[in-house]
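Each chain, letter by letter, is given below.
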Amino acid sequence: MILIADCGSTKIDWCLINGKEKVAQIFTTGMNALLMTEAEMTERIKTELLPHIRGYKVTEVYYYGAGIISDEIKSQVINAIKANIPTAEKVEVDSDLLAAARALCGHKPGIACILGTGSNSCYYDGEKVVDNVSPLGYILGDEGSGAVLGKLLVGDVLKKQLPEHLCEKFLKEYDLDRTKIITAVYRQPAANRFLAQFAPFLEHNIHEPSIRAIVFRSFTDFFVRNVESYPNYKDLPCNFVGSIALLEKDVLKEAAAARGITIGNIIQDPMEGLIVYHSN
């Protein structure tokens, strides 16, 4: 049997498959391999995953996760998995970007993009990630992401660049004022998540020209500063995974068309595509 893991900092989606049949799907607490020790990861897998897969003989594990940025970190995750699943003859660990590429493109070349709390992109040749423009995070980059869209929205609200009724609606809906926002962004941890939570407000008010302009502008920035850096970007489909891409797919397609870019698949999460990829 094959065990696939789509791991984020918040949660891990584990899926056990036998051929093309989904045997079990388990959700456990997320792990960022960059921020955890091998011992911590080993213990978390032992306590949260193992009780759900006892009785199954897992022979292959494919783990895609946050924080997989070096061979050393890969080795630590592999060791944590093998310590808990000794029957696994093959354990492959790689980044969430490769997960997106395999889920979106399968064995065909394409441009794979992530638009969630953060953003990322790559050129995928059908087997591996060949080129990647660094996303740089929500302060220097992450164009089109939930965090950046939230940052633009909040900035326009506080600087009164939006119509008055939208500013009032936003502050009332989230029970916020200038002091609460400044404190959350500059004095509390996880400012990116704080900002990304406002993405539904953009989606619910996308009919407002000023809101649509924020989203369109940020998606255009994503294409210009990321996708258009790949030499063959006009010859390949540009595919997306992530909640932001799915929520705002109409504006995303509009921004792409304006830049002469062809949109391919748009999905919320990579697991179903990974199941297809690995079952083949």
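Scroll up a little and you will see the structure.
In this report, we go over the structure that sits alongside the text. Remember, it's a predicted structure, so these values are computed and weren't measured experimentally.

## Thoughts on the overall build of the protein chain
Point 1. In terms of regular secondary structure, the protein chain is built from 13 helices and 10 strands.
Point 2. In terms of C-alpha radius of gyration, the protein chain reaches 20 Å, essentially the compact-globule figure of 19 Å for 280 residues.
Point 3. C-alpha atoms of the protein chain, sized along the principal axes, occupy 60 × 45 × 30 Å.
Point 4. Buried residues in the protein chain amount to 50% of all 280 residues.
Point 5. Long-range pairs, those at least 24 residues apart, make up 64% of the contacts in the protein chain with a sequence separation of at least 6.
Point 6. Working note: accessible area of the protein chain is about 13,500 Å², and carbon and sulfur atoms make up 50% of it.
Point 7. Computed over 29 positive and 35 negative side-chain charges, the separation of the two mean positions in the protein chain equals 2 Å.

## Considerations on the sheet that holds strand S6 (residues 110–115)
Point 1. Read from one edge to the other, the open sheet built from 5 strands follows the order S8-S7-S6-S9-S10, with strand pairing classed as mixed. Only two strands of the sheet have a single neighbouring strand rather than two, namely strand S8 (129–131) and strand S10 (263–267). Averaged over all pairs of adjacent strands, the angle between strand axes in this sheet comes to 35 degrees, irrespective of strand direction.
Point 2. Sheet topology note: the S6/strand S9 (residues 238–241) ladder contains 4 bridges and is parallel. When the bridges of S9 are listed, cysteine 113 appears paired with phenylalanine 240.

## So, the pairing of S9
Point 1. Judged by which residues are buried, S9 turns out to be covered on both faces: Cys238 and Phe240 on one side and Asn239 and Val241 on the other are all buried.
Point 2. As paired strands, S9 and S10 are joined by 3 bridges and run parallel to one another. The partner of valine 241 across the bridge, within S10, is isoleucine 267.

## Some details on the sheet that holds strand S4 (residues 60–65)
Point 1. The strand order across the open sheet formed by 5 strands is S3-S2-S1-S4-S5, and the pairing between neighbours is mixed. Lying at the two open borders of the sheet, with one neighbouring strand each, are strand S3 (21–29) and strand S5 (90–95). Averaged over neighbouring strand pairs, the angle between their axes works out to 15 degrees when direction is ignored.
Point 2. Those strands touched by helix H13 (residues 271–279) are strand S1 (2–7), strand S2 (11–18), S3 and S4, and its axis lies near 150 degrees from that of S1.

## Description of unusual backbone geometry
Most peptide bonds are trans, and most residues other than glycine sit at a negative phi.
Point 1. The phi dihedral of lysine 160 is positive, around 55 degrees, even though this residue is not glycine.
Point 2. Inspection of the secondary structure puts lysine 160 in the loop between helix H5 (146–158) and helix H6 (164–173).
Point 3. A positive phi is found at alanine 190, a non-glycine position, where the angle reads about 55 degrees.
Point 4. Along the chain, alanine 190 falls in the loop between helix H7 (178–186) and helix H8 (191–196).

What counts, and at which threshold
- Residues numbered from 1 in each chain as written.
- Predicted model: local features only at pLDDT ≥ 70, side-chain atom pairs only at ≥ 80, totals over all residues.
- Heavy atoms only, no water.
- Helix = DSSP H or I, 4+ residues; strand = E, 2+ residues; numbered from the N terminus.
- Rg over C-alpha atoms; globule rule 2.2 N^0.38 Å.
- Buried < 20%, exposed > 50% of the residue type's maximum accessible area, 1.4 Å probe, protein only.
- Contact = heavy atoms within 4.5 Å.
- Areas by Shrake-Rupley, 256 points an atom, 1.4 Å probe, with all protein chains shown as cover.
- Lys, Arg positive; Asp, Glu negative; His and termini not counted.
- Charge placed at Lys NZ, Arg CZ, Asp CG, Glu CD.
- Pairing = 2+ DSSP bridges.
- Axes fitted to C-alpha atoms, helices over the stretch in contact; angles between N-to-C directions.

Geometric descriptors of this kind do not, in isolation, establish any biological role.
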